[in-house]
Amino acid sequence: MAMSKLMHRSAYETIEELERELQQSYTSFQTVLTSSYHLSHSPATTPQHLQAILYAILTSPNLSSSSSYLTRLTAVTASTSDGYTPFVCLLVRLVNEFYPKLLEWPRSQILWLLRQLIELDAGDVESLCLSLLRQVSGGDLSSGNVWLAEQLLDILQANVLWLDEKPSLFTMALYTYLRLLPDHTMATSKVEGLTELRQKETTFCVRLLREKFHDCILIGRDLIRLLQDVSLIPEFECIWQDLLSNPAAFRDPGFGDIAQLYVVRTPTRYLLSRITPDMETQIRFMLTSVRMGSQRRNQTWFAQRYLSTPESETLVCDLIRFICCVHHPTNQILQSDIVPRWAIVGWLLKCCKSNHVEANAKLALFYDWLFFMSKVDNIMNIEPAILLMVHSIPKYVNMTHSLLEFLFLLIDHYDPVHRDLIQKGVTSSIDILVGKGVVRSLEPLSACNLVASWLREKLHVYFPLYCKPDMSEEAGKHAKPELLQPDGALGMKTLASGGYVPGSMSAPASGSALAHSLETSGHSLEESRLLNSGAETVSRKRRRPGATERLAKEMEANFDELAVAVAQSEEVSLGVLERLLTSFLSVYDQMNSEKLAKVEKTASVLDSGLDMLSPSTNHSQEVFSSSSLGVYKFASQVVNILKKGGYQMFSPLANLPSEKLKLEENMSLTSTCLRLYVRNSHPQLCQLLVAWHREGLAVGPRLLCYVSRSAFGWPKTGHQSNLPKHVGNSVLKLQSRDFVSRTAVANAFKAYENFLKQTCSGSSTAFPPHSSGDTNDSPNHKLMEVIEEGGGAVTTVGKSNNSGLEADSLDAGLVTHLETCLVWNTQRLLQVLPSVFRYLPHLATGKEYLVQLLVTTVDPVELSNFEFWLTLGELAVMGNQSDALTRLTKASLSWEFMEQQYFWRLMVAELQAGSPSTVLQVVKICLGVVNPLVNLDALSGLISLLRSQAPTGPLLNTVLSLSPKFGRFVAVVLAGWMASHYSLLLSCLRQLGLSGELKDSHNKKGEAFSDTKSGLQRSEKISSSTLVALLDAFEDSENGRSNTDEKPANSRCVGEVRHALLKLAGLGGYDEPVGMAQNHTETVVGENS
């Protein structure tokens, strides 16, 4: 395929339809375009003629040629009433659909054309400017994006008089460059040349705001949102102050207060302009075609393409504004299982790593709430925020906390002068959301004990009509907010004595709550009194302060120490965190021993009375189930303390992996938690990791990366026993790779698998009360987290026909963690995969999704490493299970060319270490799946597979028994064997001839039958078509030899193989002369005819 002059196109990509049309038109009109110009002989204007001129201008090697083509365009359009409009529309289409694919020179030519068309005052050139402005993406500091922004700005500033007459264009340009200014300001020191561009943008925006403010008001309230981001730039400080306190400075009689801008809804065209057409296509596809639970792959692809750099996170605000205000789903989609908008918004919020970007993203989500007016605004603009807060409970309660807290901060502090207006807007938002049935009430927020008490109080104060009275509020007032202690540290209560009431610490449940618990548990009131009396008999004895209280105080002191240490440095915090985790384990060990004693005493009391309970009731399990709340609270408080100190637990490993362990992998607070769990495998540490996982942190991926790196070097610590009793040295040392124990690595992967089982088991005992227990798979921190509806069996890895993964399976959890590693860094994934296949073969080997993930991401160097390991038998990727191999081979037929090539290379390497029987089984399975007329890539892989193996009797029998449509394939395989294993091939052929395995004893000649085990279509006897193909191939091979010295030897080999094949077909013996082969061939052809 010839190289394109217009667009980037790889070898396997087909030419775009528009490019084909342009090329064909140029070919048709090339003679006319290159001939000397005569106006009187100018052909009539046709779409093809305009296409030819456009292609000629975009691909012309110099500006002089382009100018001549432009002159011809002017002459052609002068005779039509449409003028330049059809030409500009064609150019707009090219920019909107294919600008990212255009080569650098065509892009430069488009901007040159824009300048010329503006000078010619061409019609509709404004739409071309708008299309090009939309291609300038926020959060993108690449050279191409910066170049386009600067070129467009130069064009607009060079044509000020023309621009000032087009309000829709200069307001769009103002909106665009106000959005770009914060990105360019923050990156001035990082990217060369941005200082000059930033100054140009500032001058351009200030002039428009001062001179054209009356038209700028049309932008609406989002103008204030953008100005707020640049208000600290010196040139904008005066504008910001004038907006707040001196509106007369803008010399607009109709503008008297900033509130006038607040109540103007921003037209959707401005919000749409801040995402490129490609981004719009991908987001709309997710929101219209992807089912809830299956969006992980789409999000991963989108994140890798558009959100992979640190500066790209500012794009999240633009995406959220687009989703809330531009894309409004139909009723049909709202009632279906398509991914809702709130789920994508929640995922985008988790993509924010910087605090200021996260605050801007939340402001973008709530901005229409603040000034909502039912007559002007649309309910669909505010719907995602309320649904995100409601559906984040209970699985992602931190998301609900964060959003509610931010909303109340906006009400009180966003604009104190106009606080009444903002409160009225938020109240109007809640009124219409409840009135229209988006949510029935605010009860899911105001009555949920997982929501902080002060947030529930705020809800009752601001929206009393929609909040159910919180019955546990009074009890919650007596709680100690500074420390969330494990259940039982302040006085343990058994389930029978009223249970633990979340939010009230040690206070007993009310009578109504107790009645409700009895109703749900199936006990009568009389039974409960007996149960209570037994428990009270045990608790009447005054318990002296013992080990539990002492350890709880020690843990409280460690919390305080951690808060101080994390403010100093992370290194200082390492030892403190170890001590805190040690005291945490000790508290629970002591609690469990005391609870067991209580249960035994309570059981003895009950045994002496009426036998009211079922024999299957497990009291100890009920008692321990309440401890999950303490784990949850402990986990939350650790995260909050570290977050206040500026440290994010289980943050992404964005750096490239290297031979030397990074500090974040080994000497960090996260690695401290992981190391203690892997070394000790304490069940409470596992529950602690699960609790962090439930808060949306990337625990699983970080744990998987940690245990995978253990194969390269195991960090030493001061811990030697199963339970840490003292603090190890915080300065960790790495053990030599030669001393790494495979047993230790295998145990580390067992610890990871145990964590995986806990997160995928769906057990409610591992999680705090009111949680759904639906853990399906890890919601990965930041980029990979999918906000789902709590309490539902929503999957994140759908039951795809291709992957066959169940959402609550260990496979799905492992896949989710690997995908997160891929989002962090492709090399990170390739570092983890070998260990996964080696130490978790039951979860990885033969699994379609993992194999495809491997061949999709692996590079040639890593592929060679995998081939080396497979050949040595150190790991297995495909396995030898017939069902799995069949599924894998069938699935691979639809993969891309390179993926199929890599798949068969791995297959060949793995079978090098396999037995002949295994090779035979795999070949039969593959041949039964592959269609030689359609699956040519797979057929090539099979040829490589068979050529790498020495021929055996059963293997040769299988190949020769193939149906006639495999004729050329069989010939190629036998030719390969003849070149590499001639003697062995001839021996196997003679053995088959003597044994008569291919002779027709039951069926008619050439009749095919199906191998029931592999589904392989075979023939009991070698078919005439196959024989003809083989003989023709050998004849061509013999005639193609040019070396006269080699020809006699080769002829002898070919003749002997030919005779053996004729013998197998029942057409001759081994004592026939070589010259008779042609006669046999003619006989076969005659029979076949």
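For the structure, check the block above.
Remember, predicted model here, so these are calculated numbers, not experimental data. (Residues numbered from 1 in each chain as written. Predicted model: local features only at pLDDT ≥ 70, side-chain atom pairs only at ≥ 80, totals over all residues. Heavy atoms only, no water.)

Considerations on the packing of helix H44 (residues 882–892) against helix H45 (residues 897–911)
Part 1 of the reasoning: Two numbers describe how H44 lies on H45: the axes approach to 10 Å, and their chain directions differ by 150°. Judged on the interaxial angle alone, H45 and H44 are roughly antiparallel. Residues Leu885, Leu888, Thr889 and Ser892 of H44 touch H45, and the partners they reach there are Gln900, Phe903, Trp904 and Met907. (Axes fitted to C-alpha atoms, helices over the stretch in contact; angles between N-to-C directions. Helix = DSSP H or I, 4+ residues; strand = E, 2+ residues; numbered from the N terminus. Parallel < 35°, antiparallel > 145°, perpendicular 65-115°, else oblique. Contact = heavy atoms within 4.5 Å.)

Observations concerning the packing of aromatic side chains
Part 1 of the reasoning: Per the counting criterion, the structure on display carries 21 aromatic pairs.
Part 2 of the reasoning: Ring centres of Tyr462 and Phe463 lie 6.1 Å apart, and the angle between their planes is 45°; on these two criteria the pair is classed as tilted.
Part 3 of the reasoning: Residue classification places Tyr462 among the buried residues on the basis of a relative accessible area of 13%.
Part 4 of the reasoning: Exposure remark for Phe463: the relative accessible area of 4% places this residue in the buried category.
Part 5 of the reasoning: Chaining the aromatic ring pairs together yields one cluster made of Tyr262, Tyr367, Phe371 and Tyr414.
Part 6 of the reasoning: For Arg107, the ring lying beneath its charged end belongs to Tyr99, and the centroid distance is 4.5 Å. (Phe/Tyr/Trp six-rings, centres within 6.5 Å; stacked < 30°, edge-to-face > 60°. Buried < 20%, exposed > 50% of the residue type's maximum accessible area, 1.4 Å probe, protein only. Lys NZ or Arg CZ within 6 Å of the ring centre and 35° of its normal.)

Quick notes on the side chain of Glu280
Part 1 of the reasoning: Residue position: Glu280 is located in helix H16 (residues 277–289).
Part 2 of the reasoning: Taking the relative accessible area as the measure of exposure, Glu280 reaches 15% and is therefore buried.
Part 3 of the reasoning: Within the local environment of Glu280, its side chain forms a polar contact with the side chain of Arg284, the two groups lying 2.9 Å apart.
Part 4 of the reasoning: Contact partners of Glu280, with chain neighbours within four places excluded, come to Arg134, Leu272, Ile275 and Phe322. (Polar contact = N/O pair within 3.5 Å; in protein donor to acceptor, adjacent residues only side chain to side chain.)

A closer look at the environment of Glu358
Part 1 of the reasoning: Relative to the helices and strands, Glu358 resides in helix H21 (residues 355–370).
Part 2 of the reasoning: For Glu358, a relative accessible area of 19% gives the class buried.
Part 3 of the reasoning: Separated by 42 residues in the primary sequence, Glu358 and Val316 place their C-alpha atoms 8.7 Å from one another.
Part 4 of the reasoning: With near-sequence residues (within four places) excluded, Glu358 lies in contact with Cys352 and Ser402.

Quick look at the pattern of salt bridges
Two side chains bearing opposite charge may form a pair once their charged atoms approach each other closely.
Part 1 of the reasoning: The tally for this structure, following the rule as stated, stands at 29 salt bridges.
Part 2 of the reasoning: A salt bridge links Arg207 to Glu211, with the shortest nitrogen-to-oxygen separation between them at 3.0 Å. A residue pair is termed a helical-turn pair when its members lie 3 or 4 positions apart in one helix, as Arg207 and Glu211 do in helix H10 (residues 194–211) at four residues.
Part 3 of the reasoning: Each of the salt bridges in this network shares a partner with another, and the network as a whole consists of Arg221, Asp222, Arg225, Arg321, Asp368 and Asp377. (Salt bridge = Lys/Arg side-chain N within 4 Å of Asp/Glu carboxyl O.)

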